[in-house]
Amino acid sequence: SNPCRAGRLGAARETWRPFRLRASALSSPPMSWEDEIEEKRRREELAEQMGGADRVARQKASGKLNVRERVAALADPGSFHEIGKIAGKASYGKDNELESFRASPFVVGRALINGKPAMLQADDFTVRGGAGDAAIWQKLVFAEQMANEYRMPLIRLIDGTGGGGSVKMLEKDPRTYIPQTPGWEWVVANMGAVPVVSLALGPCAGLGAGRVAASHYSVMVQGLSQIFVAGPPVAKAIGEDVDKESLGGAEINGKNGVVDDLATSEAEAFARARRFLSYLPASVHETAARVQIADPPDRRDDTLIKAVPRDRRVPYKMRRIVEACVDAGSFFEIGQQWGRGIITGLARIDGYSVAVIAGDPMFLAGAWTSDVCRKVIKHVDLAQTFHLPVVHFVDCPGFAVGVKHERAGVVKLGVQAMAAVYQARVPWCSIVVRQAFGLAGSAMMNPTRAKVRYCWPSGDWGSLPLEGGIEAAYKSEIEAHPEPEKRLKEIRAWAEALRSPFRTAEAFYAEEIIDPRDTRPLLCEWANLAQGALETGPSSFGMRP
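A.B. asks: What's the story with the packing of helix α6 (residues 137–149) against helix α7 (residues 184–191) in this structure? I'm lost.
C.D. replies: Each pair of packed helices can be described by the angle between their axes along with the distance between the axes. Where α6 meets α7, the closest approach of the two axes is 9 Å, and the angle between their N-to-C directions is 30°. Between α6 and α7 lies a crossing of left-handed hand. Two secondary-structure elements touch here, α6 through V141, E144, Q145, N148 and E149 and α7 through W186, V187, A189 and N190. Counted by class, the contact of α6 with α7 contains four nonpolar, three polar and two charged residues.

A.B. asks: Looking at this structure, I do not really get the pairing of strand β4 (residues 106–113). What am I missing?
C.D. replies: Within a regular strand, side chains alternate between the sheet's two faces. When you tally the buried positions in β4, you get six out of eight residues, the bulk of the element. When strand β1 (residues 81–83) meets β4, the two strands line up antiparallel, connected through three bridges. By the bridge assignment, I83 is partnered in β4 with V108. Here β4 pairs with strand β5 (residues 116–123) via eight bridges, running antiparallel. Each bridged residue has a counterpart across the sheet, and for F106 the counterpart in β5 is D123. Where β4 folds back onto β5 in an antiparallel hairpin, the turn is made up of two residues, including N114, whose phi is positive at roughly 60°.

A.B. asks: Mind showing me how you'd approach the nonpolar core here?
C.D. replies: Proteins that are soluble and globular tend to have nonpolar side chains buried together. Core analysis: the biggest nonpolar cluster contains 68 residues, and L157, L199, F276 and W368 have the highest contact counts within it. Sorting elements by how many residues they give to this core places helix α14 (residues 370–385) first, with seven residues. Once you skip the residues sitting within four places of it in the chain, W368 turns out to touch I342, C373, V376, C396, G398, F399, A400, V410, A417, A440 and A443. In terms of nonpolar packing, the next biggest core, distinct from the first, is built from 31 residues, V322, C325, V356 and C524 among them.

A.B. asks: What should I look at first to understand helix α20 (residues 484–498) in this one?
C.D. replies: Working note: α-helix, 3.6 residues per turn, so residues spaced by three or four point in the same direction. Look at α20: 21 Å from first C-alpha to last across 15 residues, which is about the 21 Å you get at 1.5 Å a residue. Where α20 is concerned, the buried positions are L488, I491 and A495. The buried residues of α20 occupy an angular sector of 65° when projected down its axis, which confines them to one face. Close packing links the buried residues of α20 with α18 (469–473) and α19 (475–480).

A.B. asks: Help me understand helix α5 (residues 67–74) in this model?
C.D. replies: Within α5 the residues assigned to the buried category are V67, R70, V71 and L74. Summarising the axial view, the buried residues of α5 lie within an arc of 95°, below the 170-degree limit, and thus occupy one face. A distance of 3.0 Å separates the backbone nitrogen of R68 from a side-chain oxygen at the start of α5, and that oxygen is part of N66.

A.B. asks: Help me understand the confidence of the model for the protein, please; the structure alone is not making it clear to me.
C.D. replies: Low-confidence regions, as indicated by low pLDDT, have predicted coordinates that should not be scrutinised in detail. Summary statistics for the protein give a mean pLDDT of 90 and a share of 92% for residues scoring 70 or more. Contacts for the low-pLDDT stretch residues 1–17, under 50 throughout, to residues beyond four places or in other chains number 28 contacts. Residue range residues 21–25 is modelled with pLDDT below 50. Its contacts to residues more than four positions away, or to other chains, number four contacts.

A.B. asks: Please explain the side chain of K64 as it appears in this structure.
C.D. replies: Residue position: K64 is located in the loop between α4 (53–61) and α5. For K64, a relative accessible area of 7% gives the class buried. In terms of polar contacts, K64 uses its side chain to reach the side chain of D159, at 3.0 Å. Not counting residues within four places of it along the chain, the set of residues in contact with K64 comprises Q59, R70, F125, D159, L201, G202, P203, L224 and E266.

A.B. asks: Please explain the environment of T369 as it appears in this structure.
C.D. replies: Locating T369 in the fold gives a position in the loop between β13 (352–359) and α14. Judged by its relative accessible area of 5%, T369 falls in the buried class. Once the C-alpha coordinates of T369 and L46 are considered, the two residues, 323 residues apart in sequence, prove to be 53 Å apart. Setting aside residues up to four positions removed in sequence, T369 forms contacts with L364, A400, H405 and V410.

A.B. asks: It is not clear to me how the packing of α5 against helix α12 (residues 266–278) should be interpreted in this structure. Could you clarify?
C.D. replies: At a minimum axis distance of 10 Å, the contact between α5 and α12 shows a crossing angle of 45°. Put simply, α5 runs oblique to α12. Considering how the two elements wind past one another, α5 and α12 form a crossing that is right-handed. Judged by residue contacts, R70, A73 and L74 of α5 engage E266, F270, A273 and R274 from α12. A per-class count over the contact of α5 with α12 returns four nonpolar, no polar and three charged.

A.B. asks: Can you help me understand empty space enclosed by the protein in this one?
C.D. replies: Any space left empty among the atoms is revealed by the rolling of a water-sized probe across them. Scanning the model with the defined rule gives six cavities of 30 Å³ or more in all. A volume near 80 Å³ is recorded for the largest cavity. As for the largest cavity, its lining consists of H216, D260, I334, G335, W338, T344, K375, K378, H379 and L382. For the lining of the largest cavity, the element with the highest residue contribution is α14, accounting for four residues. Class assignment for the residues of the lining of the largest cavity results in three nonpolar, four polar and three charged.

A.B. asks: Even after reading the chapter, I still don't get the environment of G438, so can you show me in this structure?
C.D. replies: Residue placement: G438 occurs in helix α17 (residues 438–442). Separated by 53 residues in sequence, G438 and T385 have C-alpha atoms that sit 28 Å apart. Among residues more than four places away in sequence, those in contact with G438 are G462 and S463.

A.B. asks: Sorry if this is basic, but what is going on with the packing of aromatic side chains here?
C.D. replies: Two aromatic rings, taken as a pair, are described by how far apart their centres are and by the angle between their planes. What the rule picks out here adds up to five aromatic pairs. Where Y279 meets F332, the ring centres are 6.1 Å apart and the plane angle is 15°; that geometry is what we call stacked. On the criterion of sequence distance, the pair formed by Y279 in the loop between α12 and α13 (318–325) and F332 in strand β11 (residues 332–334) is long-range, its members being 53 residues apart. Residue classification places Y279 among the buried residues on the basis of a relative accessible area of 1%. Here the aromatic residues Y217, F276, Y279 and F332 are joined through ring pairs into a cluster of three or more. Between the NZ or CZ atom of K64 and the centre of the ring of F125, over which it lies, the distance is 4.3 Å. When the ring centre of Y279 is taken as origin, the NZ or CZ atom of R348, which lies over that ring, is 4.2 Å away.

The rules we used
- Residues numbered from 1 in each chain as written.
- Predicted model: local features only at pLDDT ≥ 70, side-chain atom pairs only at ≥ 80, totals over all residues.
- Heavy atoms only, no water.
- Axes fitted to C-alpha atoms, helices over the stretch in contact; angles between N-to-C directions.
- Helix = DSSP H or I, 4+ residues; strand = E, 2+ residues; numbered from the N terminus.
- Left-handed = near helix turned anticlockwise from the far one by under 90°.
- Contact = heavy atoms within 4.5 Å.
- Nonpolar A, V, L, I, M, F, W, Y, C, P; charged D, E, K, R; others polar.
- Buried < 20%, exposed > 50% of the residue type's maximum accessible area, 1.4 Å probe, protein only.
- Pairing = 2+ DSSP bridges.
- Core = buried A, V, L, I, M, F, W, Y, C linked by side-chain atoms within 4.5 Å.
- Expected span 1.5 Å × (residues − 1).
- Arc of directions from axis to C-beta.
- Polar contact = N/O pair within 3.5 Å; in protein donor to acceptor, adjacent residues only side chain to side chain.
- pLDDT = per-residue confidence, 0-100.
- Parallel < 35°, antiparallel > 145°, perpendicular 65-115°, else oblique.
- 1 Å grid on protein atoms, 1.4 Å probe; cavity = no way out; pocket = protein on both sides within 12 Å on 5 of 7 lines; lining within 4 Å.
- Points joined across faces, edges and corners; volume = space filled by probe spheres on them.
- Phe/Tyr/Trp six-rings, centres within 6.5 Å; stacked < 30°, edge-to-face > 60°.
- Lys NZ or Arg CZ within 6 Å of the ring centre and 35° of its normal.

Structure follows, in structure tokens:
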């Protein structure tokens, strides 16, 4: 059907006549180009109709904003400069009169986000479900390339296949083709060059799903968006009869790491995108801007002296410790739904942006599972790519143990996480809050670089926890003793004295044991020192999606 015929183009025709070359122009050329500019304005008005009144109404009825409302809600007011607005599908009748026009399914352009330039890509689901048509995929490539070459962040608002085709295209081009993904080289290049944010705002399949995943930060809206390789009809063909939510809803993609965060509304997703970008530089050729804060750098939080229970078996809330040490209200957690043994996010310390990693003893005692390792890799690589100093609040009993974790490949992913830590060249400060055991515990930092490390008196470390190891190591001696229980208690008391962090500090294996209340002042001093060690430009290794 022709989307600009009856009802869509008709309303515009009451006040518009198609541009034609006037006969008088052949003998007496006009003195200006006003007619052509008027034609441009009229075509822009048609583009603003998107897929037509009916389809826009269906979009609204499904609880979604239309593409132009989304751009207006995300960008700083009045700052959006659209590029390629009148690109689309047109047909002409006799005398080259425009008979119909359908806007392209992509809106692209420049805008200000938090007062700074950024490139925007936005899918229009009202036009063929956001699928590519003709050569309009070039608009997406244009936005990727311009973000890269002009060194500014890129935000993708994804709703649909986002550049893919459809079976309907075979009606006009009756042949199949060997697939390729035009512009993917820019997608890959941007991962190591500029901040890329993807917001899933509807069903995202094929290339649309790929564009969500190929980003530094991604968000999906609960109940509104789904992400999958192919939708339910294709899944049904292989024997899986599921709906969109069961196939790729937030319950799945929030927990498997395909997206970083979940939002309850489009407005929340936009706010998260803006906040994420506020911590990062515009590109790898800059460092993140410092912001003015009202939180004194010498603030000492008295709650920290009691934050860690004396009983090592009792967990505690690491997020409270993080929030007490960074600038008040500045902690922005990323990926809370997945890799739950580690807490990752961005924060400010004395106004400077930092990347935060923190073990979470509330989940498997903070053990590094395979998904924790994936999360560590991504966050460390993000910090390295955009020159963010890292603060690591350490509480790690080691890699997760058991058949489930071995089947998940924890060993392989574990050494990859260790490699990410060792490859990073950004300044790094570790706060050893409690446990640090085994290989995973050793990945608190790269020990071959300057060790800026502060240990709390609650610190407990070693090649493996002593609990359980004593009985195995001294089994024969304990069994041979006339009072086995008494001997076991004696050995435990001896071992407990040896695990004192002060014994470690005597040998300078622990550089400093600090009062937990001094953590923030020391971090603020370090954040200022770290600025002198930052180096801009591309990282020596690229960040992968």
